[in-house]
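# An overview of the molecular structure
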Amino acid sequence: MKTLNKLFKITTNKRYDIVNITQNVKDAVAESKIKEGFVLVYPMHTTSGVFINDVDGSLLDDIIDFMEKLVPEDSDYRHNGPHEANADGHIRQMIAGHNTTLPIIDGRLFLGTWQTIYYAEYDGQREKDYLVKVLGE
Amino acid sequence: MKTLNKLFKITTNKRYDIVNITQNVKDAVAESKIKEGFVLVYPMHTTSGVFINDVDGSLLDDIIDFMEKLVPEDSDYRHNGPHEANADGHIRQMIAGHNTTLPIIDGRLFLGTWQTIYYAEYDGQREKDYLVKVLGE
Amino acid sequence: MKTLNKLFKITTNKRYDIVNITQNVKDAVAESKIKEGFVLVYPMHTTSGVFINDVDGSLLDDIIDFMEKLVPEDSDYRHNGPHEANADGHIRQMIAGHNTTLPIIDGRLFLGTWQTIYYAEYDGQREKDYLVKVLGE
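Parameters at a glance
- Throughout, residues of each chain are indexed from 1 in the direction in which the sequence is written.
- The order in which chains are written sets their letters, starting at A; the order in which ligands are written sets their numbers, starting at 1.
- It should be noted that, the model being predicted, local features are given only for residues of pLDDT at least 70 and side-chain atom pairs only at 80 or more, the latter also being counted only at that level, while totals for whole chains, interfaces and linings use all residues.
- Note that water and hydrogens are dropped before the side-chain values are worked out from all heavy atoms of the structure.
- We superpose the copies by least squares over the C-alpha atoms of residues that have a pLDDT of at least 70 in both of them.
- Whether two residues touch is decided by their heavy atoms; if any such pair falls within 4.5 Å, the residues are in contact.
- Only runs of H or I of at least four residues qualify as helices and only runs of E of at least two qualify as strands under DSSP, and these elements are numbered from the N terminus.
- Multiplying one less than the number of residues by 1.5 Å gives the expected span of a helix.
- Relative accessibility decides the category of a residue: with a 1.4 Å probe and only protein chains considered, values under 20% of the type maximum give buried, values over 50% give exposed, and everything between is partly exposed.
- As used here, the arc belongs to the directions running from the helix axis to the C-beta atoms.
- Buried area: the accessible surface (1.4 Å probe) lost by two parts on joining, summed over both.
- Salt bridge, as used here, is a side-chain nitrogen of Lys or Arg placed within 4 Å of a carboxyl oxygen of Asp or Glu.
- We define a polar contact as two N or O atoms separated by no more than 3.5 Å, with the added condition that, inside protein, one atom must be a possible hydrogen donor and the other a possible acceptor, whereas residues neighbouring each other in sequence contribute only through side-chain atom pairs.
- Strand pairing is assigned whenever DSSP detects at least two bridges linking the two strands.
- Interaxial angles span 0 to 180 degrees and are taken between N-to-C directions of axes, which are lines fitted to C-alpha atoms, for helices over the stretch in contact.

In the nomenclature of an unreviewed UniProt entry, chain A is known as Secondary thiamine-phosphate synthase enzyme of Muiribacterium halophilum.

In the superposition of chain C on chain A (RMSD 0.0 Å, axial shift 0.0 Å), the rotation amounts to 120 degrees. The two molecules are tied by a three-fold rotation axis, judged by turn and shift. For chain C, the minimum C-alpha distance to the rotation axis belongs to I95 of chain C and amounts to 3.4 Å. Interface overlap between copies is the fraction of interface residues in one copy that are interface residues in the other; for chain C against chain A it is only 17%, indicating separate surfaces.

Think of an α-helix as turning once every 3.6 residues; residues three or four places apart then point the same way. Residues and elements named next belong to chain B. The end-to-end C-alpha separation of helix α2 (residues 57-70) is 20 Å, in line with the 20 Å expected for 14 residues at 1.5 Å each. Taken as a whole, α2 has its buried residues at L59, L60, D62, I63, F66, M67 and L70. Each buried residue of α2 sits inside an arc of 160 degrees when the element is viewed along its axis, so together they form one side.

We now examine the relation of the copies chain A and chain B. Structural alignment of chain A on chain B gives an RMSD of 0.0 Å, achieved by rotating through 120 degrees and translating 0.0 Å along the axis. Mapped onto chain B, only 17% of the interface residues of chain A again fall at the interface, so the copies present different surfaces.

Residues and elements named next belong to chain A. You will see that K33, though not glycine, has its phi angle at about 60 degrees, which is positive. Mapped onto the secondary structure, K33 falls in the loop between α1 (22-32) and β3 (37-43). On the accessibility criterion, K33 (59% relative accessible area) is exposed. The backbone of D106 shows a phi angle near 55 degrees, a positive value even though the residue is not glycine. Judged by its relative accessible area of 63%, D106 falls in the exposed class.

Our focus in this paragraph is the interface of chain A and chain B. Across the contact, 35 residues belong to chain A and 29 residues belong to chain B. Buried surface at the junction of chain A and chain B, both sides included, amounts to about 2,600 Å², of which 66% is carbon and sulfur. Summed over the three residues of chain A that lose the most area to chain B, namely F38, D62 and F66 of chain A, the buried surface amounts to 23% of that side. If you look at where chain A meets chain B, you find 3 salt bridges. E36 of chain A is paired through a salt bridge with K133 of chain B; the nearest N and O atoms lie 2.5 Å apart. At the boundary of chain A with chain B, the tally comes to 15 residue pairs in polar contact (both at pLDDT 80 or more). By residue number, the principal contributor to the side of chain A that touches chain B is helix α2 (residues 57-70) of chain A, which donates 9 residues.

All names here are of chain A. What the 3 strands build is an open sheet, ordered β2-β7-β4; its pairing is antiparallel. Either end of the sheet is taken by a strand with one partner, and the two such strands are β2 (17-20) and β4 (48-53). Pairwise comparison of adjacent strand axes, ignoring direction, gives a mean angle of 30 degrees for this sheet. Sitting on the sheet, α2 touches β2, β4 and β7 (116-121), and the angle it makes with β2 is about 150 degrees.

Put simply, an interface is often sized by how much accessible area is lost when its parts join up. Contact with chain C, which involves 35 residues of that partner, is made by 29 residues of chain A. With both sides pooled, the region where chain C packs onto chain A buries about 2,600 Å², and carbon together with sulfur makes up 66% of that total. For the chain C face of the interface with chain A, the top three residues by lost area are F38, D62 and F66 of chain C, together amounting to 23%. Where chain C touches chain A, the interface holds 3 salt bridges. As a salt-bridge pair, D62 of chain C and R78 of chain A come within 3.8 Å of each other at their nearest N and O atoms.

Set out below in structure tokens:
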């Protein structure tokens, strides 16, 4: 069994953002030289998440609009106070998904034609990081 | 370490559908002869997902109703246009979950009593496929 | 490759509850002596789920309020009848997530600073169980 652990840093300019990280995951899989295995893409935070969706950029705007309507930034959250006001981000992450596991077959990340790996930021404008852990043989 | 990769094709008659695929996953686990490991059930698309839920069929209708109310088919989505109109499917998949990982113990898929593995289709009536990847020893 | 399977029993006093199970998962990882691998935290039911979120207790109340508004306990669910009335629990689990996979690096569960593993109960007041499966080397 072999493994490779890579931490990637990310800082978004906006509070909410969705960033295509597919190439970073592919690079980690290539570097690992693992032929058959799983790769876990795992944000080290609780106000960001990782999910698979379509490559089309206009869909990302639809997703951000949808999430703002479903989990408004401003609401009567108990978690929000003088020091922090990010309850919406914690709930959005829970709804859209925190981390994901992907297949590696024959030495490459096995994705569908339009599948894109996204890092979704719900409380950005500061440095965060996500782990890519490849495990297999 | 051993692995088995199986691609299953699926075409639903309806645009939205939820299909019990538990037996296919069990068969792949048996064929792999893996005693201890994980199985990843992974749709190759971004308008379908896999999740675990109860075996009761009436619940599936409740889920479809709930999703239609939460993420309406027709809304003012930027992603929708003359060639494609499936933004609802992309968002539903994000909400209900894209893929799932299940445990294998002592050579069998280790499921709770009522646990059923579902392939959820949000943009059907055409051929799609999902991967079952078994990994372990 | 090594593995460790641990089943933990849990009974909540309330119908809906969110319980911190981080220490149980850490203990299983330590007991497994696995240095590099994945741990799957997997409820054996379809009305409970596992997710990662912030350690702050007031956020848990926000989450419970949010879920009650999004998926009301009482609604016109087909699944509900004289014997069972837990359709809301099945749908909440689908929305918030059923199970999760976490990284093990250098012999320890690799969590972000505030990351906490929660068992979310949507139909409690009876004994349930969740599996912690550690796999790696």
